[in-house]
Each structure stands twice: as C-alpha cells, then as structure tokens.
Amino acid sequence: MAAPAPLLHDDADPSFAELLAQRPQLTMHAQDGLLLEEVPLSRIAAEVGTPAWVYSAGTLRRRFHALRGALEDARVPSEIHFAVKANPSLAVLRVLAAEGAGADIVSEGELRLALAAGIAPAHIVFSGVGKTMAELRFAISQGVGQINAESAEEIGMVSAAAAQVGRTADVALRVNPDVDARTHAKITTGKSENKFGIAIADAPALYAKAAATPGVNAVGVAVHIGSQITAGVSAYAAAYRALADLVRSLRDQGLAVERVDCGGGLGIPYRNEPAPTPAALAGAIAGTLGNLGVQLMVEPGRWICGPAGVLLAAVILQKHTAGRRFVVLDAAMNDLVRPAMYEAWHGIVPVSPREFVSSVSPCDIVGPVCETGDTFARNRGLPMLEPGSLVAFLDAGAYGASMSSTYNARPLAAEILVDGARFAVVRPRQSLDALLAGQRLPDWMAA
Ligand code: LLP
C-alpha cells in the first residue's frame, strides 16, 4: 500500500506457499484445505456463508505478547493501547483486554466498545483531531486515563467539559514533529501540512497554558506520525528525538511531564516488503526516550490485528472478455475498501487443497459493485476457479470490517472468531431487513 517498496529479490508476487510460510496461523491441510488455527475455512463458509471476516484469537495473543516482549527486552516497558479503529470487534477487544491491553479510541462509540470489552477507563486514551463536547463530557465522566489534545481550542473544550461534569481530565499534548513517515499520503499524519497535532515550536507555550487551565491536568506529550510504516524506524527515531527535546525543555521551564505516548503505525508486510520489527521500534524508543523517567505508551492497531484476520469470499463467476479473465467474488469494495482506497495489496489464496496447488494464470479479481474501483487485484495469479470456489484475503484483520459500508445496499458481512479448534460467530451477517429498516418517507409523501 505504500509506494511500492524496493523488493528484496525480484518483483514477482509471492506464491501461495510463500505467503503461508510467513503466516503460521494459516496452514494448508491436504483434505480440509486452508485452516485458520485448527478450523477449516471451508467449514466456516458452509455454516456462516460468505463474505465473512474470520479472526484468530491465538494470533492476536501471540502478536500482543511479541510486542510487549520487545518493549520489555529493550527496557522500555510501555502501556499498550490497542487502536480500536483497526478492529472494533467486541470479541477481538475482549481477547486483547484479557492479555492486558488498554485502548486508544477516537469516538464515543469506540469508548463504549472498549468499556464493554472490559477495558478499565484508566487504560483508555482518547485521541483524535475533533472530539465533540458531548464526547468529551462522556469520556471525562467515565474517567478515561488520558485525553490527547491536538489544539489550544480543544484544551479549552476539555476544560469546559471537565467543569460541566465536575471532574479533572489528564491531558497529553499531541505534537506534530514534521517528519515524513514515508507511507501512503492518505495515512501519513506527522507532516506539518497534515491536520494532526500542534507544531513542536508552539508546544511549550501551549503546554504551559494547559498546565494552568482549570480542569486540565497536563501529564505529557504524544505523537503519531502515520500508519503502515515500513521504511525502517528512522522517522520514528526523528519524531521521538524531537519529543525528548521537548520534554527536556518543558521540564527546564518547571513543567511536569510524566508520560510520553509514542503512537502507533508499525507496518506489516502485506506482499513481501521489508517491515521493521517490534524490536527495531523498541530500540528507537529506548535510544531516544528511554532515559527520561516517563511512563511510556504505544498505540498500535494494524501490527497486532492485521495478520490475525482473513476475509473469506466465494467466486460468483469467472468471465472472459477482451482477452482478460475476471474473477467476480461475492466480496466487494464495500467490504474491504483498502485496495480501492490505497492501492493496497492483499494476498488472495484459494481455500481448496486442489486449487491451492493448481497452476495459476493471471486474472483480475473484482467484486460485484458498480465501480471500476471495485477491483481487488489486477494481473494476479489464480488457478481456474468454479462458482462457489473459496478464496481468503490475507491480513484483513485491520481496517477491514471496520471500514466496511453498505454501498450498493449490501449487508455488512459476518464476523467470526477462531480460537484453537473452536469458532463462533461474533457478529452475524446483517440481515436485509435490518439493512432496509429505519428508512421512512416524509409524511407528505406517505399520504
Ligand atoms: N494512533 C492514532 C492516533 C491513529 O490515528 C492511528 C491510526 C493509530 C494509533 C493506529 O495506527 P496503526 O498502528 O494501526 O497503523 N485505514 C488505513 C489506516 C488508517 C490509520 C489511522 N490512524 C489503512 O487501511 O491502511
């Protein structure tokens, strides 16, 4: 999804077997076909239908612990606030909460989900460039652990909301370090022309003002420079160095700084692009912020949940025209919008053991929505498929279901959680009745 990263070897797409080799949660079974953990995806398709999002609880746990372990090994133990926007499934949140994750939220809806998943308010950070007064009142009255404020205006709103609910809010100031995370333009957030945060140069005065504002307890600083960061950790290190300098100068002014929120954004290899490891990120944190004696926090989304999910889809038909083969799936851009929105590459792998090993030829893989942009991949290698053949989109656990819409009056797909040999529907497919309910005609038309 970033501008095509320099590839290690040649530019050929990885084979199905190469894709699975990097993803231990997925295996090909000679009879049962593609398994997520121990559950055949064909069984889920038979029982629940397609399209369907399927998440691996074991992968969520494994990746959460890998990240936590890397931070501990680098001697920068940090609170991990999972970015709920990446996957707001209550079941996913509950799995992560049970492992000790907090939450990074950006709306009252996400806050309610995090609370429903059992995450303590003290472990919830409220991020975002435009929180409403109603959202701030609700968050402060619930006792969220931190509000990341992004402007002088917002600090004023927090103060007013705190007064209205009779409480004080812990506030961190999100700064914009003006570094280029070298990711897709639509998800880079730490450059000065982006809407996020306040310029480092303006931060000392604003922090001092926040510290003197009634109802506001200025506790620290925060940064988030972008998402799907794969071009090494040098942009992180540059941002964190700027934060460390800021912390020192705030302290020189006599201001207390207890916390630093390092943001999220760690990228994953969707195709075969090199991506930094959690150890590299932890090293960048340790080398810049490690000696400040602050409580450190991170807010990853994709790195934890992206590889934990697949989107399971069935072939409606294959059509041949003008020398091209189009594989038309029952999943579409309303389900997984990332290819249309960011030119994102997702592995697309046959579920049947026979099709998995059949020879491939190029095709365009598309959905049924009436837009040319409803194209998941062009010139991708797939075997000849039949109506009803199943494919799995890999690494669909982040920004998949959470970005779905009902465009073309298509219901939201089902969501399923797999844990070992068990699976359960954690969000039933939206019914057409539910999709169509709720609309009404104005009384002057109904007559
Ligand atoms: N913290 C803040 C303040 C954020 O805005 C985000 C993501 C995160 C943390 C988590 O970032 P992550 O670790 O997941 O990269 N829809 C896009 C990604 C949008 C990211 C928005 N902010 C995509 O599908 O690639």
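Residues numbered from 1 in each chain as written. Predicted model: local features only at pLDDT ≥ 70, side-chain atom pairs only at ≥ 80, totals over all residues. Heavy atoms only, no water.

Structural notes on the domain arrangement of the protein chain
Many authors give the size of an interface as the accessible area that is lost as the parts come together.
Link 1 in the chain: Each domain of the protein chain was delimited in the assignment, giving domain 1 (16-56 + 308-435) and domain 2 (74-305).
Link 2 in the chain: Taken together, the contacts link 20 residues of domain 1 with 19 residues of domain 2.
Link 3 in the chain: Across the domain 1/domain 2 interface, buried area totals approximately 1600 Å², and carbon plus sulfur atoms make up 57% of it.
Link 4 in the chain: Contact with domain 2 buries surface across domain 1, with Y342, W345 and Y399 losing the most and accounting together for 34% of the total.
Link 5 in the chain: In this structure, the connection of domain 1 to domain 2 is made through 0 salt bridges.
Link 6 in the chain: Across the contact surface, domain 1 and domain 2 share 8 residue pairs in polar contact (both at pLDDT 80 or more).
Link 7 in the chain: At the level of secondary structure, the elements contributing two or more residues to the side of domain 1 that touches domain 2 comprise α12 (338-342) and β20 (414-419).
Link 8 in the chain: The dominant element in the side of domain 1 that touches domain 2, judged by the number of residues it contributes, is α12, at 3 residues.
Link 9 in the chain: Tallied by class, residues from the side of domain 1 that touches domain 2 come to 10 nonpolar, 5 polar and 5 charged. (Domains from an automatic or database assignment. Contact = heavy atoms within 4.5 Å. Buried area = accessible area lost by both parts, 1.4 Å probe. Salt bridge = Lys/Arg side-chain N within 4 Å of Asp/Glu carboxyl O. Polar contact = N/O pair within 3.5 Å; in protein donor to acceptor, adjacent residues only side chain to side chain. Helix = DSSP H or I, 4+ residues; strand = E, 2+ residues; numbered from the N terminus. Nonpolar A, V, L, I, M, F, W, Y, C, P; charged D, E, K, R; others polar.)

Concerning helix α8 (residues 203-211)
Link 1 in the chain: Restricting attention to buried positions, one finds in α8 the residues A203, L206, Y207 and A210. Burial along α8 is one-sided: seen end-on, the buried residues are contained in an arc of 100°. Exposed residues lying more than 90 degrees from the buried face of α8 are A205 and K209.
Link 2 in the chain: Buried residues in α8 make contact with α7 (152-165), β9 (169-176), β10 (198-199), β11 (216-222) and α9 (234-252). (Buried < 20%, exposed > 50% of the residue type's maximum accessible area, 1.4 Å probe, protein only. Arc of directions from axis to C-beta.)

Quick notes on the site of the ligand
Link 1 in the chain: The ligand sits among 19 residues. The nearest are S227, E299, R338, Y342 and Y399.
Link 2 in the chain: At a separation of 2.4 Å, an oxygen atom of the ligand approaches a polar side-chain atom of S227.
Link 3 in the chain: Contacts to the ligand include G301, whose backbone N or O atom sits 2.9 Å from an oxygen atom.
Link 4 in the chain: Alone, the ligand offers 580 Å² of accessible surface; in the complex the protein occludes 92% of this.
Link 5 in the chain: When grouped by side-chain class, the residues that make up the shell around the ligand number 7 nonpolar, 6 polar and 6 charged.
Link 6 in the chain: Counting contributing residues, the shell around the ligand receives three or more from each of domain 1 (16-56 + 308-435) and domain 2 (74-305). (Near = heavy atom within 4 Å. Areas by Shrake-Rupley, 256 points an atom, 1.4 Å probe, with all protein chains shown as cover.)

What about the confidence of the model for the protein chain?
Link 1 in the chain: The share of residues in the protein chain with pLDDT of 70 or more is 98%, and the mean pLDDT across the chain is 96.
Link 2 in the chain: Under a pLDDT of 50 for its full length, residues 1-9 has, in the predicted model, 16 contacts with residues more than four places off or in other chains. (pLDDT = per-residue confidence, 0-100.)

A closer look at the sheet that holds strand β2 (residues 33-36)
Link 1 in the chain: Strand order in the open sheet made by the 3 strands is β1-β2-β3, with antiparallel pairing throughout. This sheet does not close on itself; its edge strands, each paired only once, are β1 (26-29) and β3 (39-40).
Link 2 in the chain: Looking at chain direction, β1 and β2 are connected through 4 bridges and run antiparallel. Within β2, the residue paired with M28 across the bridge is L34. (Pairing = 2+ DSSP bridges.)

As for the pattern of salt bridges
Pairs can form between side chains of opposite charge once their charged atoms are near each other.
Link 1 in the chain: All told, the structure shown has 20 salt bridges when counted by the stated rule.
Link 2 in the chain: One salt bridge connects R271 with D13, and the closest N-O pair in it is separated by 2.8 Å. A residue pair is termed long-range when its members are at least 10 positions apart, and R271 in the loop between β12 (259-261) and α10 (278-289) and D13 in the segment before α1 (16-21) qualify at 258 residues.
Link 3 in the chain: The class for D13 is partly exposed, based on a relative accessible area of 30%.
Link 4 in the chain: Across the salt bridge formed by R380 and D13, the nearest N and O atoms sit 3.8 Å from each other. Here R380, found in strand β18 (residues 375-382), pairs with D13, found in the segment before α1; they are 367 residues apart in sequence, far enough to count as distant.
Link 5 in the chain: Salt bridges here are not isolated pairs; linked through shared partners, they connect D11, D13, R271 and R380.

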